[in-house]
Amino acid sequence: MTLVLFLVFGSPPPESSPPPEDVFSTIERVNRARGKVLHQGDIAVKDGRSAITCATGNCFWPKAADGLVSIPYTLDAQFTTDDQAEILKAMLEFSTLTCVRFVPRTNEADYVNIISDIGCWSMLGRLGGPQYVSVDREGCILHGVIQHELNHAIGFEHEHSRSDRDSYVKILWENIVPGYNASFQKSDTNNLGLDYDYASVMHYGKFAFAINYFRPTIQPIPTTQINIGQRLGLSNMDVAKINKLYNCNVCSTILSDDTGVFSSASNSSNYPNNYNCSWLIRITNRKVLLQFQAFDVQSSAGCSADYIRVYDGASRTFPLLLDRTCGAGQVPSLVSSGTTMLLEFITDSSDTATGFKASYSPVECGGTFTAANGSVFSPGYDQRQQYPPYCDCTWTILAPAGHRVQLTFSNFSLEASSSCMYDSLKIRDGMFSSSPLIGIVHCGSATIKPVTSTGNGLLLQLLSDAEVESTGFWANYSIFSAESVNKDENYREIL
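Every value quoted in this text rests on a predicted model; they were computed, and no experiment measured them.

Caption draft 1: Layout of the packing of aromatic side chains. Summed over the entire model, instances satisfying the criterion amount to 25 aromatic pairs. Ring centres of Phe60 and Tyr246 lie 6.2 Å apart, and the angle between their planes is 80 degrees; this geometry places the pair in the edge-to-face category. Here Phe60 is found in the loop between α1 (23-33) and β1 (69-75), whereas its partner Tyr246 is found in the loop between α4 (236-245) and β8 (251-255), with 186 residues between them in sequence. Neither residue differs from the other here; Phe60 and Tyr246 are each classed as buried. Here the aromatic residues Phe262, Tyr271, Tyr275, Trp279, Phe292, Phe295, Phe345 and Phe356 are joined through ring pairs into a cluster of three or more. Taking the ring centre of Tyr111 as reference, the NZ or CZ of Arg105 above it sits at 4.0 Å.

Encoded structure:
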């Protein structure tokens with residue numbers, strides 16, 4: 001496999017506005033500002049060793065008997081706690097989706113030393129001994145940039161330098177900044193039998209090294225409308241390439257469109273035995289709403305056989321939105337606290353069923369709560385702002401089986417109208433949009449009495465129209481054991 005790293009340079013003319021930054025534009029901006037000159041923009045080449053070829057395979061990290069590829073790393077002391085958290089979050093996605101693990105170094109001879117040097121850059125593949133990845137604290141501590149440089153260290157070069165790239169992109173040499181033509185040369189790559197990936201985190205943007213940002217330097221074919229260069233992180237094909245290069249026995253998918261549908265099987269047959277698959281939902285700037293259209297997973301005590309889990313983030317280190325769930329019937333809608341959500345599906349070697357089908361979409365507001373107590377409030381309330389127009393928010397409070405939820409409102413104010421036809425809040429006795437309403441639909445400056453579920457969940461739905469907003473609401477909830485309910489309906493909180 002051919003291994004090389006690149007960058008994106010060039011300043012727009014005074015009268016132009018640069019395009020939105022992709023990963024390479026960020027690397028270009030940071031490296032040029034620091035005066036950093038590297039092979040193809042962000043590759044550091046070790047003296048006496050080619051950064052182009054790897055005929056013996058010794059420039060890949062070794063795979064252990066347990067099927068994992070462990071890459072030891074150290075972190076520069078310059079990184080703050082927040083910097084370290086962002087770097088670790090980027091690393092954890094590799095662990096979630098592939099067999100590659102970045103592990104803290106103990107005494108390993110070969111390791112990656114992650115530093116805050118001048119600019120964003122990496123050495124390529126495994127070199128032997130300590131090798132460096134730089135993510136400058138002044139501009140490189142971004143999810144996509146970190147994953148880009150780590151992917152170089154794993155052994156991948158830029159997508160546009162593939163040996164077959166001329167079938168997928170056209171290089172507009174006349175618009176490249178003089179002296180940077182080498183950044184667009186093809187390499188004799190091993191393409192792993194996988195498709196060209198316009199969406200790769202390793203792909204240059206259209207205006208990489210452009211003299212004039214009104215014109216591209218890389219033009220996708222057959223249509224110029226194809227997007228190239230993105231800033232979110234590893235693409236689905238990036239993950240597939242890592243898993244193929246390192247022969248990982250991992251089933252994982254990234255879902256990065258704004259909306260989508262996915263299922264446990266590609267057809268109507270039952271899901272297989274010994275199945276272990278993950279779906280990482282990653283959208284831009286909004287929360288994720290996950291809804292199940294069908295659910296039929298082998299039932300077992302404590303869901304010990306087959307089950308799904310859903311995490312509020314991009315790895316299994318994030319809090320659970322839904323713990324082991326199996327059986328047949330409805331599953332509550334879930335809303336993430338951020339832009340990512342992870343679903344894993346685990347099966348054993350016994351009976352199977354038809355599995356699940358789910359859809360996801362972006363939402364501006366809402367949430368899923370599983371802690372023993374907490375607060376639910378309308379958008380903007382915590383900032384002393386009115387809720388926005390066109391709200392469509394859903395909050396689900398999930399308690400363990402055998403528990404109930406009590407909800408108490410401290411403030412409530414929505415636009416008043418007859419029958420609450422403009423802005424409204426509905427409270428449902430259950431976890432589903434079809435669960436029965438508790439009381440009336442609320443609006444105006446009503447006083448809402450404390451509400452207690454009859455089962456193990458409550459659902460709140462806030463709707464607003466185009467005008468006349470108000471301050472909204474704030475409510476606190478607690479989860480109680482149903483066994484502790486006495487005739488006066490006093491409940492003991494589970495701490």
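Caption draft 2: Local environment of the state of the cysteines. On inspection of all chains with the given rule, the structure shows six disulfides. Note on cysteine connectivity: Cys120 is disulfide-linked to Cys140, with sulfurs 2.0 Å apart. Torsion about the S-S bond of the Cys120 and Cys140 cystine: about -80 degrees, corresponding to left-handed handedness. Separated by 20 residues along the polypeptide, Cys120 in strand β4 (residues 120-122) and Cys140 in the loop between β5 (130-135) and α3 (143-154) bring together distant segments of the chain. With a sulfur-sulfur separation of 1.8 Å, Cys365 is cross-linked through a disulfide to Cys393. What sets the handedness of the Cys365 and Cys393 disulfide is the S-S torsion sign, and at about -80 degrees it is left-handed. Remark: Cys393 occurs in strand β20 (residues 392-398) and Cys365 occurs in the loop between β17 (355-363) and β18 (366-369); sequence separation between them is 28 residues. Across the pair, exposure class does not vary: Cys365 and Cys393 are buried alike.

Caption draft 3: A look at the sheet that holds strand β10 (residues 276-282). Read across the open sheet, the five strands follow the order β8-β10-β16-β12-β13; overall the sheet is mixed. Every interior strand has two partners, whereas the edge strands, β8 and β13 (320-325), have only one. Within this sheet the neighbouring strands show an average axis-to-axis angle of 10 degrees, counted without direction. Strand direction decides the pairing type here: β10 and strand β16 (residues 340-346), joined by seven bridges, are antiparallel. Among the inter-strand pairings, Trp279 is bridged to a residue of β16, identified as Leu343.

Caption draft 4: Highlighting the environment of Arg384. Mapped onto the secondary structure, Arg384 falls in the loop between β19 (373-377) and β20. With a relative accessible area of 83%, Arg384 lands in the exposed category.

Caption draft 5: Local environment of the pattern of salt bridges. Counted according to the given criterion, the structure contains 14 salt bridges. Residue Asp258 is joined to Arg286 by a salt bridge in which the shortest nitrogen-to-oxygen separation is 4.0 Å. Separated by 28 residues along the polypeptide, Asp258 in the loop between β8 and β9 (260-263) and Arg286 in the loop between β10 and β11 (287-297) bring together distant segments of the chain. What you see here is one network of salt bridges that share partners, running through Glu159, Arg162, Asp164 and Lys241.

Each value, and the rule that gives it
- Residues numbered from 1 in each chain as written.
- Predicted model: local features only at pLDDT ≥ 70, side-chain atom pairs only at ≥ 80, totals over all residues.
- Heavy atoms only, no water.
- Phe/Tyr/Trp six-rings, centres within 6.5 Å; stacked < 30°, edge-to-face > 60°.
- Helix = DSSP H or I, 4+ residues; strand = E, 2+ residues; numbered from the N terminus.
- Buried < 20%, exposed > 50% of the residue type's maximum accessible area, 1.4 Å probe, protein only.
- Lys NZ or Arg CZ within 6 Å of the ring centre and 35° of its normal.
- Disulfide = S-S within 2.5 Å.
- Pairing = 2+ DSSP bridges.
- Axes fitted to C-alpha atoms, helices over the stretch in contact; angles between N-to-C directions.
- Salt bridge = Lys/Arg side-chain N within 4 Å of Asp/Glu carboxyl O.

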